[in-house]
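# Chain and residue survey
Each chain, written out:
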Amino acid sequence: MTARTTTGDAGATTVPAATLALGDDALVLAQRLGEWAGGAPVLEEEVALANIALDLLGQARVLLSLVGDEDELAYLREERAFRNCQLVEQPNGDFAHTIARQLYFSTYQHLLYRRLAAGDSPLAGLAAKAVKEVAYHQDHAEHWTLRLGDGTEESHRRMQAACDALWRYTGELFQPLDGLDLDTEAMERAWLDSVTAVLGRATLTVPPGPRTGAWSAGAGRQGLHTESFGRMLAEMQHLHRSHPGASW
Amino acid sequence: MTTGTAETTATEGMTASQAALEAVFDAAVAADERIEPRDWMPDAYRAGLVRQIAQHAHSEIIGMQPEANWITRAPSLRRKAILMAKVQDEAGHGLYLYSAAETLGTSRDELLDKLHSGRQKYSSIFNYPTLTWADVGAIGWLVDGAAITNQVPLCRCSYGPYARAMVRVCKEESFHQRQGYEALLALSRGTEAQHAMAQDAVDRWWWPSLMMFGPPDDESTHSAQAMAWKIKRHSNDELRQRFVDIAAPQAESLGLTLPDPDLKWNEERGHYDFGPIDWDEFWNVLKGNGPCNEQRLSKRRKAHEDGAWVREAAAAYAGKHDGRHGNDNHGRDDAHGRHDEQHTHTHGEAGA
């Protein structure tokens, strides 16, 4: 992807190429979380999951608008043009899978936005606002990881299975992001420390497997996705695409 | 208000004290004072309130389903955000209302159990399907519009916790109604296909919305006592007329028609006249034969059953760590606080 240049009266601002990838991460996870509506295990979680989804959708709209028209980008791109990491597109599964996905992603996103907020890229302003939201997402996911890991035998088994299943999608998070000057190795160390500590407190085992699949390192960022993603997009895009040029 | 508490009831002679308490209660209701949870109240007043609040709470959580049906397919990101916020509000309303019922000594679990086993009802309107995107707009405009007409008077209901919950619910509902109207307006003024979609949705939702006010006054079983106790302040037919009078001119502004050839302004009455309601359909849907009764209840039961292990885990964890973390209610409080914050944000945006 090449960076898009916007010309305003204050001169040209170039947004980093990775803006699209970060926007796609937020959009796709918001879409997945939106699938929970009406089906959460307890009413408080209906509110909480919707909250997280709304935060992410808000972030996605800002990020995508920096790149182009938010709806054209969300609704008219094909699967291979999406740059989100594969982790966020993974199906909701049971509540444990949703929580494990959120723990892995929010821990990463918090580290990322904290760094972006402290930097001077055009994303600093957004990151400064989003970092507060993401801190809550991470906190929410950590608390549920503790409850499920250290709850009942069944919840422990389910949470461990979820952590194991999604582990292979976490290596991709630390591939360098185009146009952003980040010490991704330091981020990865911090991520591992944080996640390891939470899993330990939750009496869960750090998954033994590799953090990338055979060909998944960086794959989502290059437009290679998993099979369920196409169906997710088909559902998300079909109405918009059925009425070309219509306003809503 | 301050009347005798349960303790006083136990220590005094039953008959005399009963009459005295009832007199204090009646006087408070007559003076438009609020009855609070610790105040003495007649058993039937308590039971009637629990029934009504429970049905209302159940309607909020079942009502999430027809709209959630379109969250993943919303045609723009702005509409998706508005719809997510709306469905989230409904979960929040469910929380306030179950809490209001708890102040009357009935737990949320107990009420959910009654919903799941079919012993308590939710509003029949949610047994109709959302077939197109325009249904989301029609629900906002008509169903939420009817709900507001019903609920605004409840903000002055004699039972304090219910009245206060309704103040908050009504504020949010009026936002929902506006977003529905605005979504329909965009469709009505859009392409030919969008206009047709909007008209079709209004055609399907109009009559069920009128049924939301309940049976005609002469057939309404709970109405008279509820009005005497100031739980209810206007009759079903009065509220229905009020709604028609508001909706009819709005339909004209929307550029849509309402599916009633008898609908016309009656100068003499100062109201719109409207055609007869198909009460057979109403009773039929109420009895369980609506298009989605089975689907809505099964989905609700499934969510509850699938979530059992999660709730058990949370309880087990709280048991193990009681006092160590002192924060086991975290999800609940936090979700609530954040909900408000989100609210302002999203609504501001939607209103722009």
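Refer to the preceding data block for the structure.
Presented here is a report on the structure given in the accompanying data block. The model shown is predicted, which means the values in this text are computed figures rather than measured ones.

Before going further, it helps to examine the overall build of chain A. Looking only at helices and strands, chain A features 9 helices and 2 strands. Sequence-ordered secondary structure for chain A, helices as α and strands as β, is β-β-α-α-α-α-α-α-α-α-α. For chain A, the C-alpha radius of gyration of 18 Å lies close to 18 Å, the compact-globule estimate for 248 residues. For chain A, the spread of C-alpha atoms along the three principal axes comes to 60 × 40 × 35 Å. Evaluated residue by residue, chain A yields a buried proportion of 61% over its 248 residues. The long-range share in chain A, meaning contacts at least 24 apart out of those at least 6 apart in sequence, stands at 79%. Element-wise, carbon and sulfur atoms account for 52% of the exposed surface of chain A, whose accessible area totals about 9,400 Å². Once the 21 positive and 33 negative side-chain charges of chain A are each reduced to a mean point, those two points are 1 Å apart.

Below, the discussion takes up the pattern of salt bridges. Between side chains of opposite charge, pairing is possible as soon as their charged atoms come close. In the structure shown here, the tally under the stated rule is 25 salt bridges over all chains. Among the salt bridges present, the one from Asp150 of chain A reaches Lys320 of chain B, with a minimum N-O distance of 3.1 Å. One end of the pair, Asp150 of chain A, is in the loop between α6 (124-149) and α7 (153-167); the other, Lys320 of chain B, is in helix α14 (residues 308-321), on a second chain. Under the relative-accessibility criterion, Lys320 of chain B is labelled partly exposed at 47%. Taking the shortest distance from any N to any O, the salt bridge between Glu36 of chain B and Arg164 of chain B comes out at 2.8 Å.

Much of the literature gives interface size as the accessible area that the parts lose upon coming together. Across the contact, 56 residues belong to chain A and 59 residues belong to chain B. Summed over both partners, the interface of chain A with chain B comes to about 4,900 Å²; 64% of that surface belongs to carbon and sulfur atoms. Scanning the region where chain A abuts chain B turns up 2 salt bridges. The tally of links from chain A across to chain B stands at 15 residue pairs in polar contact (both at pLDDT 80 or more).

For α7 of chain A, spanning 15 residues, the distance from its first C-alpha to its last is 21 Å, which sits close to the expected 21 Å at 1.5 Å a residue. For α7 of chain A, the full list of buried residues reads Ser155, Met159, Gln160, Ala162, Cys163, Leu166 and Trp167 of chain A. Looking straight down α7 of chain A, one finds that the buried residues subtend no more than 160 degrees of arc, so they occupy a single side. Within α7 of chain A, the exposed residues directed more than 90 degrees away from the buried face are Glu153 and Arg157 of chain A. Structurally, α7 of chain A contributes buried residues whose contacts are with α4 (86-89), α5 (95-118), α6 and α8 (184-201) of chain A together with α14 of chain B.

About the cut-offs
- Residues numbered from 1 in each chain as written.
- Chains lettered and ligands numbered in written order.
- Predicted model: local features only at pLDDT ≥ 70, side-chain atom pairs only at ≥ 80, totals over all residues.
- Heavy atoms only, no water.
- Helix = DSSP H or I, 4+ residues; strand = E, 2+ residues; numbered from the N terminus.
- Rg over C-alpha atoms; globule rule 2.2 N^0.38 Å.
- Buried < 20%, exposed > 50% of the residue type's maximum accessible area, 1.4 Å probe, protein only.
- Contact = heavy atoms within 4.5 Å.
- Areas by Shrake-Rupley, 256 points an atom, 1.4 Å probe, with all protein chains shown as cover.
- Lys, Arg positive; Asp, Glu negative; His and termini not counted.
- Charge placed at Lys NZ, Arg CZ, Asp CG, Glu CD.
- Salt bridge = Lys/Arg side-chain N within 4 Å of Asp/Glu carboxyl O.
- Buried area = accessible area lost by both parts, 1.4 Å probe.
- Polar contact = N/O pair within 3.5 Å; in protein donor to acceptor, adjacent residues only side chain to side chain.
- Expected span 1.5 Å × (residues − 1).
- Arc of directions from axis to C-beta.

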